[in-house]
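# Structure at a glance
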Amino acid sequence: MSQTISAHVSDQNHGHVDQEGLKTLGFWIFLVTDCLLFATFFAAYAVLRTHTEGGFSAKDFNVPNFIIETFILLTSSFTSGLAVLSMHKGNKKGLIRWLIITLLLGAAFVGLEVKEFADLAAEGATISRSAFLTSFFALVGTHGAHVTFGIFWMIGILFQLSKRGITPVTTRKVSLVSLYWHFLDAVWIFILTVVYLMGVM
Amino acid sequence: MDNSHFFVTGDPMIYGADVSIILVSLAIIIYLTYFKKWGWLWREWITTVDHKKIGIMYLLSSLLMLFRGGVDAVLMRIQLAVPNSHFLASEHYNEIFTTHGTIMILFMAMPFMFALFNMVVPLQIGARDVAYPFLNAVSFWLFFLGAMLLNISFVIGGSPNAGWLSYAPLSENDFSPGPGQNFWIWGIQISGIGSLMTGINFVVTILKMRTPTMRLRDMPLFSWSVLASSIAILGVFPIFTATLAMLTIDRLLGGHFFTMTGGGNPMMWVNLIWMWGHPEVYIVVLPAFGVFSEIVATFSKKRIFGYASMVFSMIAISIVSYYTWVHHFFTMGAGANVNIVFAICTMIIAIPTGVKVFNWLFTMYRGRIRITQPMLWFMAFVPCFLVGGATGVMLAAAPADYQYHNSYFLIAHFHQVLIGGVVFGYLAGMYYWFPKIFGIKLNERLGKWAFWTWQIGFYVCFMPQYALGFMGMTRRMYTYNSTMGWDMGWAPLNMISTVGAFLMGIGFIFQVWQILYSIKHGERDVTGDAWDGRTLEWSIPSPPPVYNFAILPVVKGRDAWWYQKQEMQKGSYQKEAVKYEPIHMPNNSGIPFLMAVCFFIAGFGFTFEWWWMGIAGLIGVFITLFARSFQYNTDHFISVEEIERTENALRNHGSIHRTAN
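Residues numbered from 1 in each chain as written. Chains lettered and ligands numbered in written order. Predicted model: local features only at pLDDT ≥ 70, side-chain atom pairs only at ≥ 80, totals over all residues. Heavy atoms only, no water.

### Regarding the overall build of chain B
In terms of regular secondary structure, chain B is built from 19 helices and two strands. A compact globule built from 661 residues would reach a C-alpha radius of gyration of about 26 Å, and chain B, at 25 Å, matches this within 12%. The C-alpha extent of chain B, read off along each of the three principal axes, is 75 × 60 × 50 Å. Taken across its 661 residues, chain B has 61% of its residues classed as buried. Across chain B, every contact between residues at least 6 apart in sequence was considered, and the portion connecting residues at least 24 apart equals 83%. (Helix = DSSP H or I, 4+ residues; strand = E, 2+ residues; numbered from the N terminus. Rg over C-alpha atoms; globule rule 2.2 N^0.38 Å. Buried < 20%, exposed > 50% of the residue type's maximum accessible area, 1.4 Å probe, protein only. Contact = heavy atoms within 4.5 Å.)

### A short note on the overall build of chain A
A count of helical and extended segments in chain A gives six helices and zero strands. Overall, chain A shows an N-to-C arrangement of helices and strands of α-α-α-α-α-α. Here the C-alpha coordinates of chain A stretch approximately 65 × 35 × 25 Å along the principal axes. Counting over 201 residues, chain A shows a buried share of 52%. Contacts in chain A between residues far apart in sequence, at least 24 positions, make up 82% of those at least 6 positions apart. Of the roughly 8600 Å² of accessible surface on chain A, a fraction of 69% belongs to carbon and sulfur atoms. (Areas by Shrake-Rupley, 256 points an atom, 1.4 Å probe, with all protein chains shown as cover.)

### Describing the domain arrangement of chain B
All names here are of chain B. The assigned domain composition of chain B is domain 1 (1-45 + 52-117 + 138-264) and domain 2 (288-528). A separation of 21 Å is found between the C-alpha centroids of domain 1 and domain 2. Listed by partner, the interface residues are 44 residues for domain 1 and 42 residues for domain 2. For the domain 1 and domain 2 pair, buried surface summed over both sides reaches about 3700 Å², with 71% attributable to carbon and sulfur atoms. Of all residues in domain 1, Arg77, Leu80 and Leu221 bury the most surface against domain 2, accounting for 19% of the area lost on that side. Counting across the domain 1 and domain 2 interface gives zero salt bridges. Along the contact surface separating domain 1 from domain 2 lie 18 residue pairs in polar contact (both at pLDDT 80 or more). (Domains from an automatic or database assignment. Buried area = accessible area lost by both parts, 1.4 Å probe. Salt bridge = Lys/Arg side-chain N within 4 Å of Asp/Glu carboxyl O. Polar contact = N/O pair within 3.5 Å; in protein donor to acceptor, adjacent residues only side chain to side chain.)

### Some details on the nonpolar core
Membership of the largest hydrophobic core comes to 241 residues, with the highest contact counts inside it found for A:Phe61, A:Phe136, A:Tyr196, B:Trp360 and B:Met430. If you count residues domain by domain, this core takes at least three from each of domain 1 (1-45 + 52-117 + 138-264) and domain 2 (288-528) of chain B. Among residues more than four places away in sequence, those in contact with B:Trp360 are B:Phe289, B:Phe292, B:Ser293, B:Val296, B:Ile304, B:Met310, B:Phe378 and B:Phe381. Counting 15 residues, the second-largest nonpolar core is a separate cluster that includes B:Leu88, B:Met473, B:Trp490 and B:Ala491. (Core = buried A, V, L, I, M, F, W, Y, C linked by side-chain atoms within 4.5 Å.)

### A look at the confidence of the model for chain B
Of all residues in chain B, 97% have pLDDT values of 70 or greater, and the mean over the chain is 92. The element-level mean pLDDT for chain B is lowest in helix H1 (residues 12-34) of chain B, coming to 85, with helix H17 (residues 591-607) of chain B highest at 97. (pLDDT = per-residue confidence, 0-100.)

### With respect to the packing of helix H4 (residues 90-124) of chain B against helix H7 (residues 221-253) of chain B
Residues and elements named next belong to chain B. Contact pair H4 / H7: the axes reach a minimum separation of 11 Å and the direction vectors enclose 135°. Classified by the interaxial angle, the pair formed by H4 and H7 is oblique. The element H4 and its partner H7 pack so that their crossing is left-handed. Judged by residue contacts, Leu106, Met110, Met113, Phe114, Leu116, Phe117, Val120, Val121 and Gln124 of H4 engage Phe222, Ser223, Val226, Ser229, Ser230, Ile233, Phe237 and Phe240 from H7. By residue class, the composition of the contact of H4 with H7 is 13 nonpolar, four polar and no charged. (Axes fitted to C-alpha atoms, helices over the stretch in contact; angles between N-to-C directions. Parallel < 35°, antiparallel > 145°, perpendicular 65-115°, else oblique. Left-handed = near helix turned anticlockwise from the far one by under 90°. Nonpolar A, V, L, I, M, F, W, Y, C, P; charged D, E, K, R; others polar.)

### A word on the interface of chain B and chain A
Residue-level contacts link 46 residues of chain B with 43 residues of chain A. On the chain B side of the interface with chain A, the three residues burying the most area are B:Phe257, B:His584 and B:Tyr632, jointly 18% of the side's total. For the pair chain B and chain A, the interface holds zero salt bridges. Connecting chain B to chain A are nine residue pairs in polar contact (both at pLDDT 80 or more). Listed by contribution, the elements that provide at least two residues to the side of chain B that touches chain A are helix H6 (179-208), H7, helix H8 (266-300), strand E1 (583-586), helix H18 (611-629) and strand E2 (635-638) of chain B. At twelve residues, H7(B) tops the list of elements feeding residues into the side of chain B that touches chain A. The class makeup of the residues in the side of chain B that touches chain A is 28 nonpolar, 13 polar and five charged.

### Looking at the packing of helix H5 (residues 133-151) of chain B against H6(B)
Residue and element names in this part refer to chain B. Axis separation between H5 and H6 bottoms out at 8 Å; the angle between their running directions is 160°. When the axis of H5 is compared with that of H6, the two are roughly antiparallel. As for the relative orientation of H5 and H6, their crossing is left-handed in sense. Residues Leu135, Asn136, Val138, Ser139, Leu142, Phe143, Gly146, Leu149 and Leu150 of H5 form the contact with H6, whose own contacting residues are Phe183, Trp184, Trp186, Gly187, Ile190, Ser191, Ile193, Gly194, Met197, Thr198, Asn201 and Phe202. Of the residues belonging to the contact of H5 with H6, the class tally is 13 nonpolar, eight polar and no charged.

### So, the packing of aromatic side chains
Tallied over the full model, the rule gives 93 aromatic pairs over all chains. Aromatic side chains B:Tyr432 and B:Trp538 sit 5.3 Å apart centroid to centroid with 70° between the ring planes, which places their arrangement in the edge-to-face category. Placement of the pair is B:Tyr432 in helix H13 (residues 408-438) and B:Trp538 in the loop between helix H15 (491-521) and helix H16 (560-570), with a sequence separation of 106 residues. B:Trp538 sits in the buried class, given a relative accessible area of 0%. If you follow A:Arg164 out to its NZ or CZ, it ends over the ring of B:Tyr632, 3.6 Å from the centre. Positioned over the ring face of B:Trp531 is B:Lys441, at 4.6 Å from the centre of the ring. (Phe/Tyr/Trp six-rings, centres within 6.5 Å; stacked < 30°, edge-to-face > 60°. Lys NZ or Arg CZ within 6 Å of the ring centre and 35° of its normal.)

### Quick notes on the UniProt feature "transmembrane region" (unreviewed entry) in chain A
Feature annotation in UniProt assigns "transmembrane region" (unreviewed entry) to the following positions: residues 25-46, 66-87, 94-112, 132-159 and 179-199 of chain A. End C-alpha atoms of residues 25-46 of chain A are separated by 31 Å, and the span's content is 100% helix alongside 0% strand. (UniProt positions renumbered as here; feature names shortened; annotations may be inferred.)

### Digging into the confidence of the model for chain A
Interpreting fine coordinate detail is not advised for predicted regions of low pLDDT. Of the residues in chain A, 92% reach a pLDDT of 70 or more, and the chain-wide mean stands at 91. The model gives residues 1-14 of chain A a pLDDT under 50, and that stretch makes 16 contacts with residues more than four places away or in other chains.

### Considering the side chain of B:Glu647
All names here are of chain B. Position of Glu647 relative to the elements: it lies in helix H19 (residues 640-651). The buried category is assigned to Glu647, whose relative accessible area is 1%. Separated by 2.8 Å, the side chains of Glu647 and Tyr547 make a polar contact. Setting aside residues no more than four positions away along its own chain, Glu647 makes contact with Pro545, Tyr547, Ala550 and Tyr580.

### Some remarks on the environment of B:Leu165
All names here are of chain B. When you line up the elements, Leu165 lands in the loop between H5 and H6. What makes Leu165 buried here is its relative accessible area of 3%. Taking the C-alpha atoms as reference points, Leu165 and Arg368, separated by 203 residues in sequence, lie 45 Å from one another.

Spelled out as structure tokens, the structure:
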């Protein structure tokens, strides 16, 4: 029913607005605001970075762990791009396959991050140990929460894709989730640079 | 956390509130059940996605919150009326000034502003709804249940008492244990998310939903002000969300963002909260400027003077407003150079604001002025805002501010700009667009009584506070000593100020009376064009049909409706043959309400640190998000026959044949 409506709207366009295009624009604006949200956490981190209270400091991050995390997340961004390419070719199977790979990589990333956090906590480097750690857990944790949300979102879209195939509505949804995924990737690059690399340097 | 005091006890006023809350709730439930209105409430209001109805709900809630915040104000003024007063317990006094500020800005001014956004913008730009009607409903319900979460704090758990911006470290666990502070965090966090969504919604609505022939440079100035204000919302509400999240982390997880120990930095809270807080006051005042631009043009029967400079000023204000936050704490010790930058930016804002005031006055110059209720409020606004702006520039001078800082001089200043600018503006807007939304003009006689009691009350209340500030009285002071002899100290001026507060309260009662009276006996507007208006919202019937415009209007320039009327009078207007087409409209949905209820549950749970409840609420939020994602049948078409039926019924009703559509 709704697919017919969407098709109808984009075909006719008698002063009717292109609903899917409208939603895409809104999502771009949302991403701008999300960017500012991260910017605020980055600012807090920049202020509190050195306030380690003699405990765990940014020099002590586990290098292999965050390098592996980075590679996994970057690869998942690449695979989500492949998913969109399959979608544009009309290849539903390829789309679903690449999306599943993307979300598995995302889950691996989140798993590694949880492990990192658990290891830190086991060392006594908990969120309440110092202002540095509070801002670190808040910034990286907010990113991780975003990735987790993205995974659930993708699962939802996978069900819709398998039921409805590639329609204007599902196309828009896949494009948005992939946009979101790339955005999280970009944020991670900043986290990698500002938090981890500048930390261990 | 100690939850042994779940219900607030010990204060007779609170018991009174408990009883009245229970009685009112019972009355509402009995009314709805007896008249079998539950279905009506659900179908017509709770699930609605119609921007006009959402606007009405925003208006009602903001008037309700104006009442609550006003009661707080009057209680504070009673406490301060005489020296050594113990009318309120000191703790209770702290709670009341905290909730007064929070409610007035976030739960009165913001929803009043969103009411005007929703009621007016789509009608003014020739749109059938906002860009995201579903999201619009989500925004409303998040605001409403966020506001309710803060409001129940005074009977359950205890109210916040660390000031309306809850400066750290006072707002941290060490100094404010208990649920009160958490109520503040979650109440405004939830409604803040709604505000951010509204910002996105109206930016896209204005950029993308205008009737195809309306160019941005022909768009009415109120819509421009909404755009400027929404852009400022996008810029600062994410900071607000993040900052509140940080305080949550400190309080709930033992973090050290703003604590005195563990390397935290309390001044970071003050900076972050004002990075949101200062633009916030421009966010609420810009739409008030927009309202005045419409009113002055309409009631002077002239095009607005200096349209382009009006637009430029608003955009300038919304951008420069990002660079003024430090003026709230020049005393932080950031150094002279930093203070100079922020002092100058603050003063610069006075320039575009001055441009706007001059433009309004030049619009009136040689206009055919009609003194109607909206115009009265405009004429009250000009001198009031002038003085408020001038004292603002005084405060902006950093060295002098070391003296004024936190004194009653500041209190008088910001009430003068927030009441004189924002409240007068929104009330003017309410009087102006009331006939459009409800089809009823508000009674003039009662309106004038309300107007004059408000005005006299305002000056009697706040002018003495400037003097009190110079005399050294600081804000949030619980009580003060009486002095002997000729020097009577602060007592006489405080007593005068309290009298003024009561007068404003009486003004508000007049307005409630006026609205109720007018609903029953007020003059009905059957023309759709109650004020001989200039912009598109006056070209359709009042109240407008659900789809607003049966045919999207054609706009040939600024003040489109005015020039169309001119053409029609001259007889040169070519009426095109009416050919309706099916109209695409969104379906109603209960999901926004349910989502907000889940947010409320989550907020309530985290407030009492009941993790199970907080997490259950958040899971509920995700379930509603998923439910929406899987919903494909989200819109419908209104058939041509139905449009014809509606239009005929509406237009045969009165003398509306002048309309073009």
